[in-house]
Amino acid sequence: MKPIIAIDGPAAAGKGTLARRIASTLGLPYLDTGLLYRAVGRRVLDAGGDPADAASADAAARSLRPEDLDRSDLRGPQADAAAASVASIPGVRAALLDFQRDFAVQDGAVLDGRDIGTVIFPNAQAKLFVTAGLSERARRRWLELRGKGLEADILTVEEDMRQRDAKDAARAAAPLKAADDAYQLDTSTMDAEAAFQVALAFIRTRIGMI
Ligand code: CDP
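Computed from a predicted structure; not experimentally measured.

1. Quick word on the site of the ligand
- Inspection of the region around the ligand gives 19 residues, with Arg-38, Arg-93, Arg-164, Asp-168 and Arg-171 positioned closest.
- Taking Arg-93, its side chain carries an N or O atom lying 2.8 Å from an oxygen atom of the ligand.
- The side chain of Asp-168 places a nitrogen or oxygen atom 2.6 Å from an oxygen atom of the ligand.
- Here the ligand has 530 Å² of accessible area as a free molecule, and 97% of this is covered by the chains.
- Counted by class, the shell around the ligand contains 6 nonpolar, 3 polar and 10 charged residues.

2. Observations concerning the pattern of salt bridges
- Here the structure, examined in full by the defined rule, presents 18 salt bridges.
- Here Asp-115 makes a salt bridge to Arg-93, at a shortest N to O gap of 3.0 Å. You can see Asp-115 sitting in the loop between strand S3 (109-113) and helix H6 (116-120) and its partner Arg-93 sitting in helix H5 (residues 90-105), a full 22 residues away along the chain. The exposure classification of Asp-115 matches that of Arg-93, with both residues buried.
- Here Asp-168 ties to Arg-114 by a salt bridge, and the two come within 3.5 Å at their closest N and O atoms. Here Arg-114 lies in the loop between S3 and H6 and Asp-168 lies in helix H8 (residues 154-170), a separation of 54 residues in the sequence.
- Classification of Arg-114 as buried rests on a relative accessible area of 15%.
- A network of salt bridges, in which partner residues are shared, links Arg-42, Asp-46, Arg-71 and Asp-73.

The rules behind these values
- Residues numbered from 1 in each chain as written.
- Predicted model: local features only at pLDDT ≥ 70, side-chain atom pairs only at ≥ 80, totals over all residues.
- Heavy atoms only, no water.
- Near = heavy atom within 4 Å.
- Polar contact = N/O pair within 3.5 Å; in protein donor to acceptor, adjacent residues only side chain to side chain.
- Areas by Shrake-Rupley, 256 points an atom, 1.4 Å probe, with all protein chains shown as cover.
- Nonpolar A, V, L, I, M, F, W, Y, C, P; charged D, E, K, R; others polar.
- Salt bridge = Lys/Arg side-chain N within 4 Å of Asp/Glu carboxyl O.
- Helix = DSSP H or I, 4+ residues; strand = E, 2+ residues; numbered from the N terminus.
- Buried < 20%, exposed > 50% of the residue type's maximum accessible area, 1.4 Å probe, protein only.

Nothing here speaks to function; it is all geometry.
Printed below as a string of C-alpha cells:
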C-alpha cells in the first residue's frame, strides 16, 4: 500500500511548504485540505450567506466542484474567517470526508490540515504536527501577504490568527490537536530547509522510502 502522510498544525506553521516538498521528494500526490474549507466559505459568501449558518454551509459543501479550489480569492482575512466558520460545522466536515479519503486511495498522498492524523487518516503511516510560536507564524503570514502585494498590519494578522487557532482548537467537530502518535515539529527557530530535513528523517523511519 502506498503511504499516507498526515501533516497537521495551526495557521501559518509552514505545513503547506513542508507538505509540498515532502510530496514531490517522495513522488506522492499532495492535497492542501484547507483549500476545501476555504472554497466552501467562499461559496457561501458568494451566495450572500453567513458562513456560520449550518444550512448554507452544508449546501455549499455538498455542491463543491473541483474548479472551486482553483479560485484566486481563497486567501486573505475574509476567506480565512469564512473557512474557520464553515469548518466548525459537522455537516461540512462530513461532506468533505470522502473527497479527502478518495484522494489518497490509489497512490497514497501527503495531506496537510488540522484533523488529518486524528480523523481523516488515523492509520496514516507518518504523522507530523507542525507548530511555531504565534508571533513567528504571524511574521511568516505577514511576509507572505506582502509578497502578494497585500498591505497588512502585522499585529492585526497576529490577532486574527490567534482567534482562528482558538476557534479551530475549541470546536467540537474534529478540533485542531496533535494525534497521540504524531511527531511534534516546532519550527520556531528553523528555516524551511531545516524543517524539511527533520521531517523527512522522521518520515523515513516510518515508511522506509528514499
Ligand atoms: O493556511 P492556513 O494554515 O492559515 O489555513 P488553512 O490550512 O488553509 O485552513 C483554513 C481553515 O480551514 C482553518 O483555520 C480551519 O478552520 C479549516 N481547516 C480545517 O478545519 N480542517 C482542515 N483539515 C483544514 C483546514
